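# Commentary on secondary and tertiary structure
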Amino acid sequence: MIDDAFAPAAQAIADKRIPGATLGVVAADGRRWTKTEGMAALVPEPEILTPVHWFDLASVSKVIATTTMILQLADWGKLDLDAPLTTAIPDLRQYDVANAAERKLTFRDCLSHRSFFPAVEPIYTYGDDPARLRAFVLQREWRHVAEPVYSDINFILLGIAIERITGAPLGDWGLNPGLTFGPPPGPAVATEFCHWRGRVLKGEVHDENCSAMGGQTGHAGLFGTVDGVLDFAQGLLDGTGASPAMLEAMRTPYYEHRTCGWERKFEGWSGGQACSGETIGHTGFTGTGLWVDFERGLAWTLLTNRVHPTRHFDSGIFVLRPETGDAVVRAFG
């Protein structure tokens, strides 16, 4: 079954669109299947990809780490999802208290990207002092977009809120084995040759803004093995990794197809169309993704290094992801 589900990734590797891939599938009862092919690195030295390699999860960090942390803090009564961010970050836009729209945004608004922030900004070009860049994010008057878009800034703010509430960096949160904020403790998959840093990135975070802010932010920075990601997904499927209230927040649409942190299935989304309507998922820029089908009791993660050695190449990832989701459901559903 796993060979059938892996077929789209195997073709992408054969076509030299991606260097390598690992596909992992897990059922609610704990059964799991994994398959790995291709290369962890092509340059500067070739390295074969193995099932124990650590991937830079990129924006999958938003759901495995940040969303789970925020919802857990809400479960513990440490925050109210519908309260403004200023309950945790009172100095947000502190020089324009009367007019700052940012001060009215709630935790739920940011989790579901129901804000006015631009999609992405080159924060790293303003310096590399993590404390100063956090202050910059909090005090900057961000340009507003006409309609809400997916924005890293939402989750950078949520990460700062977690740090304020817990009094500790995100990396101090107790993550399960196989998940960590970098650098990872084992062999890592290479990502991009970064022109800003002047080297191929391997075991250090790919996202420039996350790197400049210290490598531990709400929008990126998490590394994971295939088993680490599958353990997290199984915890959602069997209820051991999240409370009923947390799962409801993850699964209930708040703004269009977005829930708290996640996306629900919609026409043309990354998880394919064969999954049930009770499926949530999220992707990462480096070529990663995780999807959880609650109706079928099935979850899968596709981990690739599609940005290696450069992002400036058509890897076909936007076709590969839904093709893989459909293949997984055909093979295991």
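Look up: the structure comes first, before these words.
Residues numbered from 1 in each chain as written. Predicted model: local features only at pLDDT ≥ 70, side-chain atom pairs only at ≥ 80, totals over all residues. Heavy atoms only, no water.

### Points about the pairing of strand β11 (residues 288–293)
- The buried count for β11 comes to six of six residues, which makes it a mostly enclosed element.
- Taking every second residue as pointing to the same face, both faces of β11 are buried, with Thr 288, Leu 290 and Val 292 on one and Gly 289, Trp 291 and Asp 293 on the other.
- Bridge analysis of strand β10 (residues 279–284) against β11 gives six bridges, and the strand direction is antiparallel. Residue Gly 284 lies in a different strand from β11, and its bridge partner there is Thr 288.
- In textbook terms, the turn of a hairpin is the stretch between consecutive antiparallel strands, and for β10 and β11 this stretch comprises three residues, one of which, Gly 287, has a positive phi near 115°.
- Where β11 and strand β12 (residues 298–304) come together, six bridges link them in antiparallel fashion. Each residue of the ladder has a partner; that of Trp 291, found in β12, is Trp 300.
- As consecutive antiparallel partners, β11 and β12 are separated by four residues, and within that stretch Gly 297 has a phi angle of approximately 65°, a positive value. (Buried < 20%, exposed > 50% of the residue type's maximum accessible area, 1.4 Å probe, protein only. Helix = DSSP H or I, 4+ residues; strand = E, 2+ residues; numbered from the N terminus. Pairing = 2+ DSSP bridges.)

### Structural notes on the packing of aromatic side chains
- Summed over the entire model, instances satisfying the criterion amount to eight aromatic pairs.
- Relative to Phe 117, the ring of Phe 116 has its centre 4.9 Å away and its plane inclined at 50°; by these criteria the two rings are tilted. By the burial criterion, Phe 116 is buried, and Phe 117 matches it.
- Note on Phe 266 and Trp 269: the rings are 6.2 Å apart at their centroids and 55° apart in plane angle, and the pair reads as tilted. (Phe/Tyr/Trp six-rings, centres within 6.5 Å; stacked < 30°, edge-to-face > 60°.)

### Side note on the packing of helix α2 (residues 61–75) against helix α8 (residues 244–251)
- One way to put it is that α2 packs onto α8 with a least axis distance of 9 Å and a crossing angle of 135°. In terms of orientation, α2 and α8 fall into the oblique class. Our pair here, α2 against α8, has a crossing hand that is right-handed. Mapping the contact onto sequence places Thr 68, Leu 71, Gln 72 and Asp 75 in α2 and Ala 245, Met 246, Ala 249 and Met 250 in α8.
- Considered class by class, the residues forming the contact of α2 with α8 number five nonpolar, two polar and one charged. (Axes fitted to C-alpha atoms, helices over the stretch in contact; angles between N-to-C directions. Parallel < 35°, antiparallel > 145°, perpendicular 65-115°, else oblique. Left-handed = near helix turned anticlockwise from the far one by under 90°. Contact = heavy atoms within 4.5 Å. Nonpolar A, V, L, I, M, F, W, Y, C, P; charged D, E, K, R; others polar.)

### As for the environment of Ala 135
- With respect to the secondary-structure elements, Ala 135 resides in helix α4 (residues 130–139).
- Along the sequence, Ala 135 and Arg 93 sit 42 residues apart, while their C-alpha atoms lie 9.6 Å from each other.

### Notes on the sheet that holds strand β4 (residues 55–56)
- Reading across from one edge, β4-β8-β5 is the order of the three strands in this open sheet, with antiparallel pairing throughout. The open sheet has two edge strands with one neighbour each: β4 and β5 (179–181).

### Quick word on the packing of helix α1 (residues 2–14) against helix α9 (residues 317–332)
- Closest axis-to-axis distance for the α1/α9 pair is 7 Å, and the angle between their directions is 165°. Taken together, the axes of α1 and α9 lie roughly antiparallel to each other. Here α1 runs over α9; the crossing is right-handed. Judged by residue contacts, Ile 2, Asp 4, Ala 5, Pro 8, Ala 9 and Ala 12 of α1 engage Leu 320, Glu 323, Thr 324, Ala 327, Val 328, Ala 331 and Phe 332 from α9.

### A closer look at the pattern of salt bridges
- Overall, the coordinates contain 22 salt bridges when judged by the stated rule.
- Between Glu 47 and Lys 202 there is a salt bridge, with the nearest N and O atoms lying 3.0 Å from each other. In this pair, Glu 47 is assigned in strand β3 (residues 47–48) and Lys 202 in strand β7 (residues 199–202), connecting sequence segments 155 residues apart.
- In this structure Lys 202 comes out as partly exposed when scored by relative accessible area, which is 39%.
- Each of Asp 3, Lys 35 and Glu 37 takes part in one network of salt bridges that share partners. (Salt bridge = Lys/Arg side-chain N within 4 Å of Asp/Glu carboxyl O.)

### A closer look at the pairing of β7
- Bridge analysis of strand β6 (residues 190–194) against β7 gives three bridges, and the strand direction is antiparallel. Counterpart to Ala 190 in the pairing with β7 is Lys 202.
- Linkage of β6 to β7, two consecutive antiparallel strands, is achieved through a turn of four residues, within which Gly 198 is found at a positive phi near 75°.

### Details of the sheet that holds strand β2 (residues 32–41)
- One open sheet holds the seven strands; their spatial order is β3-β2-β1-β12-β11-β10-β9, and the pairing between them is antiparallel. Every interior strand has two partners, whereas the edge strands, β3 and β9 (263–264), have only one.
- Examined bridge by bridge, strand β1 (residues 20–27) and β12 share seven bridges and lie antiparallel to one another. In the strand pairing of β12, Ala 21 is matched with Thr 304.

### Some words on the environment of Lys 35
- Along the chain, Lys 35 turns up in strand β2.
- With a relative accessible area of 22%, Lys 35 lands in the partly exposed category.
- Sequence-wise, Lys 35 and Cys 110 are 75 residues apart; in three dimensions their C-alpha atoms are separated by 35 Å.
- Not counting the four nearest positions on each side in its chain, Lys 35 is found in contact with Ile 2, Asp 3, Phe 6, Ala 21, Thr 22 and Leu 23.
- Reaching out from Lys 35, the side chain makes a polar contact with the side chain of Asp 3 at a distance of 3.2 Å. (Polar contact = N/O pair within 3.5 Å; in protein donor to acceptor, adjacent residues only side chain to side chain.)

Nothing here speaks to function; it is geometry throughout.
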